[in-house]
Every structure is written in structure tokens, then in C-alpha cells.
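# Structural description and commentary
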Amino acid sequence: MASVDVRCAGLELRNPFLLASGIWGETGASLVGAWRAGAGGVITKSIGEGPRAGYPNPTVETYGTWGMLNAMGLPNPGIDEYLAEMAAARDAGAVIVGSVFAGDEAGFARLARRMSSAGVRAIELNLSCPHAEGFGTEVGSEPGQVERIVRAVTAETKLPVIAKITPNAADPAALAAAAERGGAAAVSAINTVRGLAIDVRLKRPVLSHGLGGLSGPAIKPVGLACVWQIYERVRIPIVGVGGIARAEDALEYVMAGARAVEVGTQVAFEGIDVFGRLARELGTLLDELGFARLEDAVGAAHGAPSGPGARAAG
Amino acid sequence: MASVDVRCAGLELRNPFLLASGIWGETGASLVGAWRAGAGGVITKSIGEGPRAGYPNPTVETYGTWGMLNAMGLPNPGIDEYLAEMAAARDAGAVIVGSVFAGDEAGFARLARRMSSAGVRAIELNLSCPHAEGFGTEVGSEPGQVERIVRAVTAETKLPVIAKITPNAADPAALAAAAERGGAAAVSAINTVRGLAIDVRLKRPVLSHGLGGLSGPAIKPVGLACVWQIYERVRIPIVGVGGIARAEDALEYVMAGARAVEVGTQVAFEGIDVFGRLARELGTLLDELGFARLEDAVGAAHGAPSGPGARAAG
Amino acid sequence: MRSVVRVSERVEETPSTVTLRFPYGPPAEPGQFVMLWIPGDDELPMSLSFTDGASKGVTVKSMGDTSRRIQAIRPGDAVAIRGPYGRPFPTSPGRTLVVAGGSGSAVLAPAVERVRARGGSVVVALGATQRPELLFRERFERCGATVRVATDDGSEGFHGYVTEVAATILEEGSIDAVWTCGPERMMDKVVRSAAARRVPCFGSVERHMKCALGMCDACAFGPFHVCTDGPVFDGGRLASVPEFGRFHRDPSGRRASF
Amino acid sequence: MRSVVRVSERVEETPSTVTLRFPYGPPAEPGQFVMLWIPGDDELPMSLSFTDGASKGVTVKSMGDTSRRIQAIRPGDAVAIRGPYGRPFPTSPGRTLVVAGGSGSAVLAPAVERVRARGGSVVVALGATQRPELLFRERFERCGATVRVATDDGSEGFHGYVTEVAATILEEGSIDAVWTCGPERMMDKVVRSAAARRVPCFGSVERHMKCALGMCDACAFGPFHVCTDGPVFDGGRLASVPEFGRFHRDPSGRRASF
Ligand SMILES: Cc1cc2nc3c(=O)[nH]c(=O)nc-3n(C[C@H](O)[C@H](O)[C@H](O)COP(=O)(O)OP(=O)(O)OC[C@H]3O[C@@H](n4cnc5c(N)ncnc54)[C@H](O)[C@@H]3O)c2cc1C
Ligand SMILES: Cc1cc2nc3c(=O)[nH]c(=O)nc-3n(C[C@H](O)[C@H](O)[C@H](O)COP(=O)(O)OP(=O)(O)OC[C@H]3O[C@@H](n4cnc5c(N)ncnc54)[C@H](O)[C@@H]3O)c2cc1C
Ligand SMILES: Cc1cc2nc3c(=O)[nH]c(=O)nc-3n(C[C@H](O)[C@H](O)[C@H](O)COP(=O)(O)O)c2cc1C
Ligand SMILES: Cc1cc2nc3c(=O)[nH]c(=O)nc-3n(C[C@H](O)[C@H](O)[C@H](O)COP(=O)(O)O)c2cc1C
Ligand code: FES
Ligand code: FES
């Protein structure tokens, strides 16, 4: 069987499938659960400096099994209480990535410092939540600001820093390039795509916050486009996120340039066993395609000859 | 039965469902066909100054019946030959909107002038195709440029000008506001969302152009978010586009702020009879919800009281 | 996935509980819950107190602001429903002891009806603060269950905790299964008594919920999620969860003691 | 929707035509086409010359650069297929006259086999520039169809256009239906002859194709789209389309005369 382990941004992953931030990551026991279910690593819920209740319900809307809209509003217990949650996950041996959000460089830096003391192997910066006033996309859609935040964080921690990029920008690859300049060890892309749902019978938006973020298979093409463009722009590794439901989806991301991937919404559609299934199916798929190691497929779709006659030439 | 006719940007539409640009609009006979099938109006394929073959095949990829990725590459016979095609549609009494694309203000202005002589009732500016080098999004993602282009066009034609906005921007509403300042009679939103698909067995992007545009139900939430934000920002009417497959989808757009809508991808999934069906179903739906006229529903989801206790208050 | 329905009937069951009935087609099992959205207001998990046929129902206890606003809903008002979600009570024949505290009857009543219809015998230990708050007493009796009452103030039946009534019944023997729903400390006691006598036991747990899809972690309960692994858990699982009877989490995920 | 398949067999049918066989499961009817993508190169519409079972096939004529590159494909090479698309030939029993010009036999052969298997009788008027280019002659004969040949150079059969052979057969009478595929001017003549004798007629048309989904308008053909309303049209529709036999459109949508 082809080997599906992979090195990415200094992390040694038994498989490329990371639990995406915001799914199952609010308690230590859930991080352990995702790890035991076979995730290659687990990313925490995005944690802030103080507790946040998030938005009132309704906070989610689903579209078949191909899409989901959410506006949770970054609920989290705050870094103080959360560090205790993480102890359990660390003791279980899970590869943990700590996700943090803040409204400015200083906040990100403080959170990264605290997270670094908690046994995480890397820090992911949420620069991309599309529906939280003062956070996420609002601090992550301008390259200069992305660079400043990443720089402030890398000054505070020795851990690899992963900048999570928004697709809600004219040029997401420019944001990735800014993160690279700021010293990021990797970028992850994408967070959810800004969206809205209206209930015509109730004549109002479904989500209490109005605007939310679209996730699931519907956004896979959007995530792939971002990863593709980022790969042509930066040299640091890329973590692909968005709509991964099958091993084939993950391999699309890898061939577009990702070294690892994150899985979120599919956990809601299928349950946590998705991680075991994906890792198994990826091995089989790589065998079928003649790859000995997942790493050999990274970026494989770039530079394929094309255009009339390419096949003869290539 | 509730009345589904609507006035939008000076157009009198028998129903709000316009044929979206790029679908069925390359020949006069097809424009007539869509009109006869019951469309409220028909928008032409985006036409340029000279003929363009577009990109080589493959140019489309589908996802079930909820999504489609395309990179046609703006094929069109050029304005000279196209004016002859339009004569037939005009003679059949169709309400025609002429869509044009160009690389700069001058090109847009010249095309708009020529289109205006062809019996169209309005001009739609394609400022938003996500996959054509030098056109579309490349000239439509900066507010200043959008304003200049719209201004140049409104100086050349007395017809209402509709600026078609890209979702591939940090703040699409700012682009709509720029179009309004430039003198647009309306904005339409959205064009396709930048996306990519890879065939893992062939280890290459599916579309010959690599990047393409996502359309169909997958992007409805994205379009709704844009229309919602634009409605809160401009006073000119909005034409909603993206993922409309059912009358309910159209009404979501209307409640988000649109006065009319465009239907594209669903034509591929269902055939041109979609227009007759949508118009009928919309009447029934409005009756069920107690609206006497579609116009009464425009923007109805804005300002609905919400938050704890809102129901008691409202 | 959501359906907008109009409430067809409103019944004041006790001074503090109100049942709302509404047409909702999807099939449901006793023990499952729906997410009930009051337009412009909160969306909350509510167990189905009526699960059969197309006229479903929930029975809401007045707790805080939101539940009071739900109780203010009148026939004709629109609400949105999604679900049903979660795992139901396993209804096996035999003799079942049902321990209901306060509004716990809401979720237990349809389960009792179901097992009675299948020929099982049921004894319900029904507890409340006082006599008028005894929820669904007639409903239990109508379907042929034996009801044994406890009130905190002694205004009817046993004067004291329903757990004591339940313990007595268990001691009498010949109970094949125990179901319980009520305050968590109460359920904790029931789970222990059942375990002591090696009688299978199932309890329905409440936690703050947001997605109801097993994704957001709001309803985390040890290694489980109440929305997908519960709300009905077997006694073994309940006893294994450190927070059972001890703490729950607020909407931010912080721990809060019972 | 696409499947990547490996070509299992390559047969040189005539000096200018090559058949590629490949495993492809989706059921297909004679007359339908697939979109065949050569990785890194063009994607083209190709009628299925073998429609039954899991081993499908296309028969490609060398026209320009792309078709020559398709012919260069060898067994083991990967291609991507989507479809089948479009409307098939209506195979009704009775006596069918099939008028095949050049590579037209590619789409007609499976239709002839199908109608023969259902007990219909078939006479094929088969035309080619010269004898070695007579495509699928044995295949027609093997399934029990009568073949009448015409060649432009007289190297076999009637010396002249196949339309003249067809007209003779039509005059002989007792033809219930006519099918045709070949150059459009040829089909135009066949459609007229059939109409003159009030015999139902169906012809398969080619136009530039991109989406094959009835959306992009590339294959517009009067008020129709070849990809969804065709490629097989009845004679009435064909005669009603002003461009039939006169012009097609290039990839930009510009008109180009035949
Ligand atoms: C599976 C399940 C089934 C339930 N079934 C019933 C039922 O049949 N009848 C009934 O009356 N109640 C039921 N509840 C409880 C109900 O959802 C509310 O928690 C309760 O109505 C609190 O009302 P309140 O908001 O007015 O109280 P408040 O005083 O406003 O809040 C008190 C507490 O209610 C809880 N609460 C608020 N929102 C939620 C939420 N989204 N999810 C869970 N708890 C929340 C919180 O713990 C909060 O601290 C159920 C809960 C769950 C999880
Ligand atoms: C429904 C349908 C069924 C067909 N079935 C067959 C078949 O069974 N066997 C066969 O040999 N050919 C078939 N063709 C024609 C085939 O698709 C090509 O048009 C032909 O192979 C031209 O080859 P070329 O590109 O080498 O020619 P070139 O000289 O490179 O181009 C000549 C012409 O080919 C046509 N062409 C190029 N691309 C396309 C395209 N995407 N769609 C349609 N035409 C195109 C154009 O009209 C072009 O001008 C079919 C076409 C259609 C529409
Ligand atoms: C319910 C939910 C909550 C999320 N919360 C966070 C979060 O706290 N921080 C973050 O960076 N991303 C968050 N995301 C985004 C996901 O991590 C991921 O980027 C996105 O959902 C796309 O992946 P998917 O299609 O696999 O879900 C959340 C997504 C969902 C659906
Ligand atoms: C095949 C195809 C071609 C398109 N061509 C154009 C075009 O030429 N000009 C334009 O403004 N939009 C074009 N679009 C975008 C559509 O007009 C529409 O904005 C988009 O598809 C979203 O709507 P839908 O989901 O209903 O398809 C095209 C879309 C598709 C699918
Ligand atoms: S409510 Fe979200 S996981 Fe249970
Ligand atoms: S090929 Fe696109 S409409 Fe026929």
C-alpha cells in the first residue's frame, strides 16, 4: 500500500487528513475522539483571549449533503479555560494544531504565546472567518495586515505558524504571499465562502447573524482554485481545505499543490469515522494511480502539457 | 394569481426571469427560443469587438445537478456579425439585453454604442467573468475602474446600463456602489465564482484553461450574500443571479433585494422549459405567502426584527 | 431541511408546561428531538412529546426567557422545525420502570405509549415539585401504565424524591429495563440504582445545542455528542462520562456546575 | 460525470478511419454520442459506433489535426469519456433504407444491428470516395442487411453519388423509414427524396460542440441544439432549419458555408 504519511510545515503526519478548525475542537475529549478516529492531526476550535458565546441560534443551514452555511460566531471558552481542555488531548498523544483568532497583531501574538505552552505542534491563524465583526476576514483580507500579523506571531513562538487564508478576496494568492513574507511556515486555504440563506416563508435570513460561511463539497472548486494559485506564488507548504468528502477530493488538493488537507463539514454528514475511511481510501487510490508515496503527488497537476498536440509532445 | 411582472431599470418584464448571459445567447434563433419558452427577457452572450473562438475543450465540468464549472473563454462572433443575429430576436418581440465585454472604457463605450443601435432595451456590462485574461474580473474588481467604465458607457448610450458584479472580491458591494456612482441604472450579481477541478487519474486540470467559474445551486448562498450587501449599499435596482433552480430560489433573491433575476445553469440541467415552470411556480408561491405582487416582496427580508424577544416585539 | 409549520394546538398541561402541536411529516421515534426555531428568536432543541403520525408535538417547560416566549406561541403562529435528530429509547417488551422528574415526562410519554402498544408492562415513577405539576399522569394511565407519584411537598403520593419511589420499585424486583429523564443529579441516582441491580438503564440528557449535526461540539458530553450519540444514552455510557450529573457547558464551551 | 478509461482495442477500419474500443458502462442507444477527451488535447463529440454492452467504441475519420491525433491513440492509452448524450435513431420494425456517406456508417452501423436484431429488414446504400473507404460493409452484411454500394470513382458498385442509389431504392417502394448520415448536402438530398415520397426520414447532424449540455449555444442549429435536440433529427425538422446543408458555425459562432 502506498504510504500516506506526510511532512508538512515541520509536522510529521501519519496521514494528511487534519480535523478542520471549528469542528469537534471545543473540548479536549473531542480532540482525542477525532485523533482516535484516525485523523492525521487535530486543529482546535479558533480560540480567543476571552470567552465568547457566539451568535444565537439558528447558526447552521444545510444543502443536501453538498453544502452547509454556518455563522457560529467564534464561540470559545477563552484561552485560559481552553488550555485545560487541551491537556487531555496532548496526553493522548494527538498531533494538535492550535487555532487562534484576534482583532490585531498584539492579540494574535499573546494567544500564540499561550498556545505554544500547551503542547501544540503548530499554530493556525484564523485570518479568514467570513462572519465575525472585527475578526477573521476583516483582519485578513489586506496583504500588509496579514504580513504584520504573521510577523508578530512568529516573533513570539518557535512553533510553525500556519496562516489560514480567506477565499473572499480578489487575489487570495497575494494574501498567501504576504503570509510567507511574514514568516509563516505554511498557509491553509480556504476558510468558508461568504454566503446567505433566506427563508421565504419567514421572510428573513435563516442564520441569526444573517451572513454566514459556505462549506462542504459546494466550495471544493473554490478551494482548489485558491490552492492552485497559491502554489504558483509561494514556496511554503499549503494545507488544502474545503469540501473534502472523498479520498479523490483530497488528492485533487494535493495535485493542486497541497501537502496536507483539513476536513470539516463532512464530519457532520458522515460522522467522525470519516477520518479512518479517508486514510484507507487514499492508500488504495494512490496504489491505483501508481504513486508509492502521497508526497510524490504534491503539485502533480501543475505544468502538465496541454493544448493541441500536447499529448504527442508530452 | 399574484402578478409576477416587474419593472426593473426601466425594463418592463412580464416575469422576473431573464436568460443569463452566456446561455443560449449566441444566436438569434436561440434568443427567440428562450423568449418563446417564457423568459421575462433575454440577455445576449457577452459580445466583444472582434470574433473570439474561446478556449479549447474541455470547457465544462458538472457536479451532480448542484454545480457546474466552466471556462468558455468568451467565445462570440464579434459585434459586426452578432448584430445580424439579433435582428431576428428583436423582430420576434423579445425583450433583449445586450451583454458586452471589453478590456477598457473605450472598448466598452464603442460596443455599447453599437449594441444600442440593435434594438436592445438595456446593456449589461460583463465586469466579472472570472477566467478571461484582460477582461471580466480583471477590469471589474477595482471600484475606480468600474466607475470609469460605467461612466464611459452611460455617456455613449441612452439605454439603461446594468453593471454585472463579480463575487471574487473582498467587498462586492463597493463595486456596486462604484457602478451606481458611474451612472448605472442597475447592477446584476453575481457572475461565476472562481474555481478549479482536477482529474486525479489524468493528473491535470479538467478545463483546458485551468481556472474556471462555478455556477449553479452551489453558488446561490454566495449570490444571495452579495445581493444582500449590495441592497444595503445602493439605491439602484439589483438583478440577482446565481444558482436559481426553483421559484423559491428566485424569491430568496427578491427578498434579499433583487427586482429581477437571471437563470443560467439550470437551463443545462432542465432545458429551456425551466422559464415557463419558474414563472408559473412563482405565481403560486406568492399566492401561498400572501403577496399580491412580486414587487411587494423586494427586500422583504431586510430589517426583519430579530434577536431574543424579536417575535414578541415584531 | 427546515419546514415552516403553523402551530395547530396549544395545551396548558400543568402550570409550568405547555404543549404545542403542529403538522410535521418526517417519521420520529420516542426519545428523538427536533430543533424548534421561533422566527426572529432562538432555535432550541425540544424532545418530541408526540412522535406518532403527522401531528407532532413538543412540551415546553417555563425555565427562562426563551422558553417563556415559546409558551406564548398561539395556534396559527409559524415556527420552523428541523429533525428529528438523535437516538431514541430502545423499546423492548418486558417490564419497564420509567423514572420521570419534572418535565422529563415530555420525552418519556411517547416511549411509554409505544412500549405499551407492543405489549410491554410499564410502571412510571412520576415526580414533581407539587401535585399540579405532575406532567402527563393521565396520559400514562390511559395507555395502561401503573403510575406511582412523588411530590417534593407531599401534596400527592410519596412525600420526597421520586428516586426513592424508583428504588423501592427496583427492590421489589422483576424490572427488565429502566428509562429516566429529569434533572441530571436525579438521573445519576437512577443510573446507579439500576447498575447496582444490573438492570439495563437508559437516560435522556440535555446539553446546549447549536448544530444538532454532531459537528460544532456545543453539546460535547465526555467523548460523546448529545445530538448524535444521544440524547438517550445507556447507563454504562452515562456512568463513564465524568461530567454526568456534575457539569455542563455554556454556549462558549465553558464548564458550569449543576 | 467523466470516466477515465483505457483504450482496449484499435482497429483500422479503412485507410482513413480507425475504431477505438474502451470499457464504458453507461447504457447507450444507437445514434447517441459521447464527448471524448484526449488528455492535454481537445475534447470532441464522437458518435458511438459500438453501443451495446460494456465495451463501447467510436470510429474516427481522419479530417484535421485533432482527428489524426485521436487516430494515433494506442491500446492502453487513457482517454476521458462523458455521455452518452443526445437523441437516438428511432428503431421501429419494418423496412428501413439506410443512406450512409463516408464515415456516416459509424453512427448507422449500431442502429442497423439493433433494428435487425428486432426483426426489421434493412437495405443500406453505402457510399464512399473509393472502394477501400467503404466503412462497415461486412458489419452490415453480417447482421443480415442488404448492402448497395456507390463509389465516387466507380471502383466498386454504382459509379456516382450514393444519393442516386438511395433514390432508386426509394422508387422501388415498400420503404417504411429512411436513416441517413454523411455530408450535409448529401443528407439534404436524402431528406428531400424521402419527403417527396412521404417516407419518414431521420438524419444525424454534426455541429461544433462545447458543453454537450444544451447550454453554451455552440451547436445551435436553427431553433435547435444538436447536442440535446439531436444529433438525430426527423426530416421535417431538418427541412425547417434554414442552415441545414447550407452553413454551420465556427467555435466563435460565426457562420461558415459548407
Ligand atoms: C435534547 C434536548 C431535548 C430537550 N427537550 C426539552 C423538552 O422537551 N422540553 C423543554 O422544556 N425543554 C427541553 N430541552 C431544554 C430546552 O432546549 C432549553 O434548554 C430550555 O427550554 C431552556 O429554556 P430557556 O432558554 O428559557 O432558559 P434560559 O433561562 O433562557 O436558559 C437556561 C439554560 O437553557 C439552556 N439553553 C439555552 N439555549 C439552549 C440550546 N440551544 N440548547 C440547549 N440548551 C439551551 C442553557 O443551558 C441555558 O443556560 C431540551 C434540551 C435538549 C438538549
Ligand atoms: C454529434 C457528433 C458526432 C460525431 N461523430 C463523429 C464520428 O463518429 N466520427 C468522426 O470521425 N467524427 C465525428 N464527429 C466529428 C468530430 O467531432 C470532429 O468534428 C472531427 O473529428 C473533426 O476533426 P478535426 O478536429 O481533426 O478536424 P479539423 O480539421 O481540425 O477541424 C475541422 C472541423 O472539425 C470540427 N470540430 C472541431 N472541434 C469540434 C467540436 N468540438 N465539435 C464539433 N466539431 C468540431 C470543426 O467544424 C472544424 O472546423 C462528430 C461530430 C458531432 C457533432
Ligand atoms: C461549523 C463550522 C465552524 C467553523 N469554525 C471555524 C473556526 O473556528 N476557525 C476556522 O479557522 N475555521 C472554522 N471553520 C471553517 C473550517 O475550518 C473550514 O475551513 C471550512 O469549513 C471548509 O472546509 P469543509 O468544507 O471541509 O468544512 C468552521 C466551519 C464550520 C462548518
Ligand atoms: C457556460 C456559461 C457561460 C457563461 N458566459 C457568460 C458570459 O458570456 N457573460 C456573462 O456575463 N456571464 C456569463 N456566465 C455567467 C452567467 O451569466 C451567470 O452569471 C452564472 O452562471 C450564475 O448563474 P447560474 O448559477 O444561474 O448559472 C456564463 C455562465 C455559464 C455557465
Ligand atoms: S449541537 Fe453541535 S455537535 Fe451537538
Ligand atoms: S454543445 Fe453547448 S449547447 Fe450544444
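This text goes with the structure placed above it.
Residues numbered from 1 in each chain as written. Chains lettered and ligands numbered in written order. Predicted model: local features only at pLDDT ≥ 70, side-chain atom pairs only at ≥ 80, totals over all residues. Heavy atoms only, no water.

## Considerations on helix 2 (residues 105–117) of chain D
For helix 2 of chain D, built from 13 residues, the straight-helix expectation of 18 Å at 1.5 Å per residue is met to within 8% by its first-to-last C-alpha distance of 18 Å. Listed as buried for helix 2 of chain D are D:Ser105, D:Ala106, D:Val107, D:Leu108, D:Ala109, D:Pro110, D:Ala111, D:Val112, D:Arg114 and D:Val115. (Helix = DSSP H or I, 4+ residues; strand = E, 2+ residues; numbered from the N terminus. Expected span 1.5 Å × (residues − 1). Buried < 20%, exposed > 50% of the residue type's maximum accessible area, 1.4 Å probe, protein only.)

## Quick word on the site of ligand 4
Neighbouring residues of ligand 4: 24 residues in total, closest B:Ser21, B:Ser46, B:Lys164, B:Gly243 and B:Thr265. Looking at what sits near ligand 4, you find residues from chains B and D. At 3.1 Å, a side-chain N or O of B:Asn126 approaches a nitrogen atom of ligand 4. A distance of 3.0 Å separates an oxygen atom of ligand 4 from a polar atom in the backbone of B:Ile190. (Near = heavy atom within 4 Å. Polar contact = N/O pair within 3.5 Å; in protein donor to acceptor, adjacent residues only side chain to side chain.)

## Description of the relation of the copies chain B and chain A
You can overlay chain B on chain A at an RMSD of 0.0 Å; the transform is a turn of 180° with a shift of 0.0 Å along its axis. Interpreted geometrically, this transformation is the action of a two-fold axis. The residues that chain B uses at the interface reappear at the interface of chain A in 100% of cases, marking a shared surface. (Least-squares fit on C-alpha atoms with pLDDT ≥ 70 in both. Contact = heavy atoms within 4.5 Å.)

## Here's the deal with the site of ligand 3
Taken together, 24 residues lie near ligand 3, and A:Ser21, A:Ser46, A:Lys164, A:Gly243 and A:Thr265 sit nearest. Those residues lying near ligand 3 are distributed over chains A and C. In this structure, an oxygen atom belonging to ligand 3 sits 2.8 Å away from a main-chain N or O atom of A:Ser21. A:Asn126 places a polar side-chain atom, nitrogen or oxygen, 3.1 Å from a nitrogen atom of ligand 3. Broken down by class, the residue content of the shell around ligand 3 amounts to 9 nonpolar, 13 polar and 2 charged. (Nonpolar A, V, L, I, M, F, W, Y, C, P; charged D, E, K, R; others polar.)

## Considering the packing of aromatic side chains
As enumerated under the stated definition, the model contains 17 aromatic pairs over all chains in all. Ring centres of A:Trp66 and B:Trp66 lie 5.3 Å apart, and the angle between their planes is 5°; this geometry places the pair in the stacked category. Here A:Trp66, found in the loop between strand 5 (60–63) and strand 6 (67–70), pairs with B:Trp66, found in the loop between strand 5 (60–63) and strand 6 (67–70), and the two come from separate chains. Between D:Phe33 and D:Tyr85, the ring centres sit 5.8 Å apart and the planes meet at 45°, which makes this aromatic pair tilted. Linking D:Phe33 in strand 4 (residues 33–37) with D:Tyr85 in strand 7 (residues 78–85), this pair joins segments that are 52 residues apart in sequence. In this structure an aromatic cluster arises from ring pairing among A:Tyr63, A:Trp66, B:Tyr63 and B:Trp66. Over the face of the ring belonging to C:Phe50 we find C:Arg139, whose NZ or CZ atom lies 3.9 Å from the ring centre. The side chain of D:Arg139 reaches across the aromatic face of D:Phe136, ending 4.7 Å from its centre. (Phe/Tyr/Trp six-rings, centres within 6.5 Å; stacked < 30°, edge-to-face > 60°. Lys NZ or Arg CZ within 6 Å of the ring centre and 35° of its normal.)

## So, the interface of chain C and chain A
The interface is formed by 32 residues belonging to chain C together with 32 residues belonging to chain A. Between chain C and chain A, the buried area comes to about 2,700 Å², and carbon and sulfur atoms account for 57% of it. On inspection of chain C and its partner chain A, the count reaches 4 salt bridges. At the junction of chain C and chain A, the tally comes to 15 residue pairs in polar contact (both at pLDDT 80 or more). (Buried area = accessible area lost by both parts, 1.4 Å probe. Salt bridge = Lys/Arg side-chain N within 4 Å of Asp/Glu carboxyl O.)

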